[in-house]
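One-letter residues, chain by chain:
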Amino acid sequence: MFPLGWLNQLLGLAMNGIDWCMYHLLGVHNVGWCIVIFTLFVYILMYPLNAKQQKSSRLMNKINPEIKAIQKKYKNKKDQASQMKMNQETQDIYAKYGISPFGGCLPLLITMPILFALYNVIRNIPYYVNGIGSMKENPEAYKFLGLLVNESPMSLFKDRANYPYAGILVFLIPILAMVLQFINTKLLQVKTDAGEQDQMQSSMKMMNYMMPLYSVFIVFFLPVGVGIYWIAGSVIRSFQQFLLNKHFDKMDLE
C-alpha cells in the first residue's frame, strides 16, 4: 500500500462528503468542482499557519543585521567553543523575536502530502468517491471545462480527435498555472534592506522564473484534477497574500 494510504482514504472521505453536499443542494455530481471546494477548505484551514509564516519572513528580514553582526563577530573563530557560542547567540535572537528558522517548511510539509494523495484519489475516483458512479454511468461528472479530470493534458492532447476542445484547453490550464504561480511569487517577495538587495535579488529572480516553469511541467503531465487543485490554490493563495501584505504593511513589527 502507498505509504500515505490513510491520507488517500481521508481525502476520499472529504471529497465524498463534498460531492454528497453538492448533489443534495444543487443536484449535480462533478469531480472538478469537488476539487475546487476542497482546495478552498484546505487553504482556509491553513490561513493562520501561512499568516504566521509570512510574519516570520518579515521578522527574519528585520533581524538579519543582528544575525550578520553575530556571524561577523565569530568570522575568524573556527574552534568548537566559538562555534557553539555563535549558534547559541543566534538561537537567542530567534527566541527574542519568537521566530522559528524552520517555520517556512511547515506549510510545504502539509501541502505536498495532500498533493500526492489527491493524485491517487483522482486516478481512482470511483473507488474513493463512490457516490459519483463510474465514468460510463456518469461521464459528465468526470469533466471540468470539457476535460476529463483523471487524464493529463498531454494525454488529452494526443487524443484530441475525441475531444474537440482539448487542443485549446489543455494549454490554457498550464498557462493559467504558470501566470498565477508568477503572481504568487511576486506577492511573496519581502522588501529587503538596500545593503542586502543585490545579494537576494538574484535568488528571488531565479525563483520567480523556476516556480512558474515547474508549475507548467506539473500541470501538463499530471491529471487535469491536479491542475485544478494547483490553479485554485494559486488563486486563493494570491488573495490571502494580498490581504496579508496589506496587514503587514500597516503593522509595526517592532
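Scroll up to find the structure this text is about.
Quick summary incoming for the structure in this document.

So, the overall build of the protein chain
And then number 1: A count of helices and strands for the protein chain gives nine helices and two strands.
And then number 2: Along its sequence from the N terminus, the protein chain presents helices and strands in the succession α-α-α-α-α-β-β-α-α-α-α.
And then number 3: For the protein chain, the residues scored as buried account for 39% of the 254 residues in total.
And then number 4: In the protein chain, 72% of the contacts between residues at least 6 apart in sequence involve partners at least 24 apart.
And then number 5: By element, 65% of the accessible surface of the protein chain is carried by carbon and sulfur atoms, the whole surface being about 15,300 Å².

Re the side chain of N16
And then number 1: Along the chain, N16 falls in helix α1 (residues 5-26).
And then number 2: Among the residues examined, N16 registers a relative accessible area of 17% and is labelled buried.
And then number 3: Apart from residues no more than four positions distant in its own chain, N16 is found in contact with Y128, V129, N130 and G131.

Thoughts on the packing of α1 against helix α4 (residues 106-123)
Packed helix pairs are characterised by how far apart their axes lie and by the angle those axes make with each other.
And then number 1: One can describe the packing of α1 onto α4 by two numbers: an axis separation of 9 Å at closest approach and a directional angle of 70°. Regarding the angle of α1 to α4, the classification is roughly perpendicular. Across from L7, N8, L11 and G12 in α1, the residues of α4 making contact are P113, I114, A117, L118, N120 and V121.
And then number 2: Here the residues of the contact of α1 with α4 are counted per class, giving seven nonpolar, three polar and no charged.

Some words on α1
And then number 1: Given a rise of 1.5 Å per residue, 22 residues ought to cover 32 Å, and the 31 Å separating the end C-alpha atoms of α1 matches this to within 8%.
And then number 2: Among all positions in α1, only G5, L7, N8, L11, G12, M15, N16, I18, D19 and M22 are buried.
And then number 3: Of the surrounding elements, those touching the buried residues of α1 are α2 (31-73), α4 and α5 (125-128).

As for the pattern of salt bridges
And then number 1: The final tally for this structure, using the stated rule, is two salt bridges.
And then number 2: With its nearest N and O atoms 3.3 Å apart, the salt bridge here joins K73 to E89. With K73 in helix α2 and E89 in helix α3 (residues 80-97), this residue pair connects regions lying 16 residues apart in the sequence.
And then number 3: For E89, a relative accessible area of 23% puts it in the partly exposed group.
And then number 4: Put simply, E140 and K143 hold a salt bridge, and the shortest N to O gap is 3.7 Å.

Considering the packing of aromatic side chains
And then number 1: With the rule as written, the count across this model stands at seven aromatic pairs.
And then number 2: With 4.8 Å between their ring centres and 85° between their planes, Y127 and Y128 make a pair best called edge-to-face.
And then number 3: A relative accessible area of 57% means that Y127 is categorised as exposed.
And then number 4: Residue Y128 is classed as buried on the basis of its relative accessible area, which comes to 13%.
And then number 5: Ring geometry for F217 versus F221: centroids 5.2 Å apart, planes at 45°, classification tilted.

Points about unusual backbone geometry
And then number 1: For L145, which is not glycine, the phi dihedral falls at a positive 55°.
And then number 2: Tracing the backbone through its elements, the reader meets L145 in the loop between β1 (143-144) and β2 (147-148).

Looking at the nonpolar core
And then number 1: Ranked by size, the top nonpolar core spans 43 residues in total, and within it L11, M15, F38, I125 and Y229 carry the most contacts.
And then number 2: Elements supplying a minimum of two residues to this core: α1, α2, α4, α5, β2, α7 (166-188), α8 (194-221) and α9 (224-250).
And then number 3: Apart from the residues lying within four places of it in its own chain, the contact partners of L11 are F38, I114, A117, L118 and V121.
And then number 4: Counting nine residues, the second largest nonpolar core, distinct from the first, contains I67, Y74, M86 and I93.

Notes on α4
And then number 1: Between the first and last C-alpha of α4 there are 27 Å, a value that for 18 residues agrees with the 26 Å anticipated at 1.5 Å per step.
And then number 2: Three or more residues of α4 are buried, namely P107, T111, I114, L115, A117, L118, N120, V121 and I122.
And then number 3: In this structure, the buried residues of α4 make contact with α1, α2, α5 and α9.

Calculation criteria
- Residues numbered from 1 in each chain as written.
- Predicted model: local features only at pLDDT ≥ 70, side-chain atom pairs only at ≥ 80, totals over all residues.
- Heavy atoms only, no water.
- Helix = DSSP H or I, 4+ residues; strand = E, 2+ residues; numbered from the N terminus.
- Buried < 20%, exposed > 50% of the residue type's maximum accessible area, 1.4 Å probe, protein only.
- Contact = heavy atoms within 4.5 Å.
- Areas by Shrake-Rupley, 256 points an atom, 1.4 Å probe, with all protein chains shown as cover.
- Axes fitted to C-alpha atoms, helices over the stretch in contact; angles between N-to-C directions.
- Parallel < 35°, antiparallel > 145°, perpendicular 65-115°, else oblique.
- Nonpolar A, V, L, I, M, F, W, Y, C, P; charged D, E, K, R; others polar.
- Expected span 1.5 Å × (residues − 1).
- Salt bridge = Lys/Arg side-chain N within 4 Å of Asp/Glu carboxyl O.
- Phe/Tyr/Trp six-rings, centres within 6.5 Å; stacked < 30°, edge-to-face > 60°.
- Core = buried A, V, L, I, M, F, W, Y, C linked by side-chain atoms within 4.5 Å.

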